[in-house]
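Structure assessment
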Amino acid sequence: MTTTRHDELAIDGGSPVRTTFLPYAHQQISDDDVAAVVAALRSDWLTTGPRVPVFEAGLVRATGARHAIAFSSGTAALHGAAVVAGLGPGDEAVTTPMTFAATANAVLYAGAEVRFADVDPGTLIIEPELVAAAMTPRTRAILPVDYAGHPADYAALRRIADAAPGRRVTIIADASHSLGATRDGRSVGTLADMTVLSLHPAKILTTGEGGAVLTDDDDLAAHLRRFRNHGIATELAARTDWTYAMVELGYNYRLTDIGAALGSSQLERLGSFLERRRALAVRYLDRLGGHPYLDVPTVEPGVDPAWHFCFAQLRLDRLRVDRGGVYKALRAEGIGVNVHYIPVHQHPYYRGRYPGLAFPVADAAYERLLTLPLHAGMTTSDVDDVVAALDKVTRAYRVD
Ligand SMILES: Cc1ncc(COP(=O)(O)O)c(C=O)c1O
């Protein structure tokens, strides 16, 4: 076969599919967002003031949860959820290895220990039966992650949690990827005891840095509000004199009014962000379904994911390079592929803390996983560039 310059990989000196680099994620900032932030900067409040409850009310409207409690990051929100769930020394919580370390770290911050349960090979989401197998008499919480924006099977997890004899097992959804997704017609935010959002710029909606916990439980909500504010029962804006009571050990995990202003402005466009992400994902699945050198994500019946990103699992048996080789070649083609995630138990800290762990599905998926660019600023022609680059690189590296 003769190779034309067009077929030659950019990494080998050929022309790239794209001359402008396509990042895997990027925030969408409009003039209205800028104006909202400027108005906050010109107001009397920079830290938590009147714009935070307005943003929280917007999250309540968008998700159908009864309460939204804003935090300074998704990680801080996870820490809060772990503590108010009652996790502490002597307790355990079950989570997935296929996540950012922050999910498991929150359990450790609360003084409890982590147990991992493996994931489904098509969705890379925690398998309820494996959660049941990982539970012990010490288990007090389950932390599923809505990987790539696809809600976990909360009904099955609820049955497992409720079957635990003699104690309440709290379900904390890590919905950092899934704001706006639904399962069986129910919105993320209403599927678990507590639902944690990350509002980092790579996510569906951003406050710069930020996060939130959604819950229907009045007591958990009140506890979360104290926890994010040093354990103080009254917030600054609600005080009438100098007095306040610190009633438990909390943290400064407050969202700023600057971030809340951005979040409220972004919430106006949540519907259009989701619509665009879903259209791009449909295009990926249409164009890549049945691909000879990679597998696309599975979507379970009744699920409408929010598509924080799309992912592909390479058919390494048909390629003569590993995932690292494909990753480098795609980046040279101008495609900002990434990898989510290095399984948590493979990080040196977790290897030291919990030696010898192996999870066959997550470990095998990690070896062949690539995150494909997907954000609300992309067009279908950007998706076509990613598909063209995947075709070009996998064809160049095929074994047959
Ligand atoms: C699944 C998951 N959990 C937790 C986090 C932590 O969120 P944050 O970066 O807002 O602290 C992230 C974000 O990176 C995430 O993707």
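Scroll up a little and you will see the structure.
Criteria and cut-off values
- Positions within a chain are numbered from 1, following the residues in the order the chain's sequence is written.
- Selection of residues for local features in this predicted model requires a pLDDT of at least 70, selection of side-chain atom pairs for listing and counting requires 80 or more, and totals for whole chains, interfaces and linings are taken over all residues.
- Neither water nor hydrogens contribute to the side-chain values; these are computed over all heavy atoms in the structure.
- Pairing of aromatic rings covers Phe, Tyr and Trp, the last counted by its six-membered ring, and requires centre-to-centre distances within 6.5 Å; plane angles under 30 degrees mean stacked, over 60 mean edge-to-face, and any other angle means tilted.
- To qualify as a helix, a DSSP run of H or I must reach at least 4 residues; to qualify as a strand, a run of E must reach at least 2; elements of each kind are numbered from the N terminus.
- Using a 1.4 Å probe on the protein chains alone, a residue whose accessible area is under 20% of its type maximum counts as buried, one over 50% counts as exposed, and one in between counts as partly exposed.
- For two strands to be treated as a pair, DSSP must find at least two bridges joining them.
- Seen with its strands pointing away from the viewer, a crossover is right-handed if its path from the first strand over the helix to the second goes clockwise.
- A cavity here means a set of points on a 1 Å grid, drawn over the protein atoms and nothing else, where a 1.4 Å probe fits but cannot get out; a pocket is an open set with protein on both sides within 12 Å along at least five of seven lines, and a residue lines either one if it has an atom within 4 Å of a point.
- Grid points are joined across faces, edges and corners, and a volume is the space filled by probe spheres set on the points.
- Charged means Asp, Glu, Lys or Arg here, nonpolar means Ala, Val, Leu, Ile, Met, Phe, Trp, Tyr, Cys or Pro, and polar covers whatever is left, Gly included.
- Each nonpolar core is a collection of buried residues, namely Ala, Val, Leu, Ile, Met, Phe, Trp, Tyr and Cys, held together in the definition by side-chain atoms within 4.5 Å.
- Pairs of residues are marked as contacts when any of their non-hydrogen atoms sit within 4.5 Å.

**Things to note about the packing of aromatic side chains**
Working definition: an aromatic ring pair is given by the centre-to-centre distance plus the angle between the planes. The final tally for this structure, using the stated rule, is 11 aromatic pairs. Between the aromatic rings of Tyr147 and Tyr341, the centroid separation amounts to 6.3 Å while the plane-to-plane angle is 70 degrees, which identifies the pairing as edge-to-face. With Tyr147 in the loop between strand S4 (139–143) and helix H6 (154–162) and Tyr341 in the loop between helix H10 (323–332) and helix H11 (348–353), this pair connects stretches of sequence that are 194 residues apart. A relative accessible area of 0% means that Tyr147 is categorised as buried. The interplanar angle of 45 degrees and the centroid separation of 5.3 Å between the aromatic rings of Phe227 and Tyr251 together place this pair among those described as tilted.

**Some points on the pairing of strand S5 (residues 170–174)**
Within S5, five of the five residues are buried, leaving the element largely enclosed by the surrounding structure. Neither face of S5 is left uncovered, since the one carrying Thr170, Ile172 and Asp174 and the one carrying Ile171 and Ala173 both have all their residues buried. Pairing geometry for S4 and S5, over two bridges, is parallel. If you follow Ala141 over to S5, its bridge partner there is Thr170. The parallel pair S4 and S5 is bridged by H6, and the resulting crossover is right-handed. Bridge count between S5 and strand S8 (residues 194–198): three bridges; the pairing is parallel. Considered in S8, the bridge of Ile172 is made with Met194.

**A look at the layout of surface pockets**
Empty space within the largest pocket amounts to approximately 350 Å³. In terms of lining residues, the largest pocket is bounded by 22 residues, among which Phe100, Ser176, Ser198, Lys203 and Tyr341 are the most central. Where the lining of the largest pocket is concerned, the elements lending two or more residues are helix H3 (74–84) and helix H4 (102–109). If you tally residues by element for the lining of the largest pocket, the top one is H3, at three residues. In the lining of the largest pocket, the residues fall into seven nonpolar, 12 polar and three charged.

**Structural notes on empty space enclosed by the protein**
Scanning the model with the defined rule gives three cavities of 30 Å³ or more in all. When its volume is computed, the largest cavity comes out at roughly 70 Å³. Around the largest cavity, the lining residues are His26, Gln27, Gln28, Pro201, Lys203, Ile204, Leu205, Thr206, Gln266, Phe273, Arg277 and Ala376. Within the lining of the largest cavity, the residues separate by chemical class into five nonpolar, five polar and two charged. Estimated volume of the second largest cavity: approximately 50 Å³. Lining the second largest cavity are Gly122, Thr123, Tyr147, Ala148, His150, Pro297, Thr298, Val299, Pro305, Trp307 and Phe311. Grouping the constituent residues of the lining of the second largest cavity by class yields seven nonpolar, four polar and no charged.

**Here we look at the nonpolar core**
Counting 87 residues, the largest nonpolar core has Leu59, Phe71, Met98, Tyr147 and Met194 as its most contacted members. Looking at this core element by element, the count peaks at six residues for H3. Setting aside chain neighbours within four positions, we find Tyr147 in contact with Met98, Thr123, Leu124, Ile125, His177, Phe309, Phe311, His340, Tyr341 and Leu369.

**Some points on the sheet that holds strand S11 (residues 303–304)**
Taken together, three strands build an open sheet; the order of strands is S7-S6-S11 and the sheet is antiparallel. Only two strands of the sheet have a single partner each, and these edge strands are strand S7 (186–187) and S11. Here strand S6 (residues 182–183) pairs with S11 via two bridges, running antiparallel. Bridge assignment links Thr182 to a residue of S11, and that residue is Asp304.

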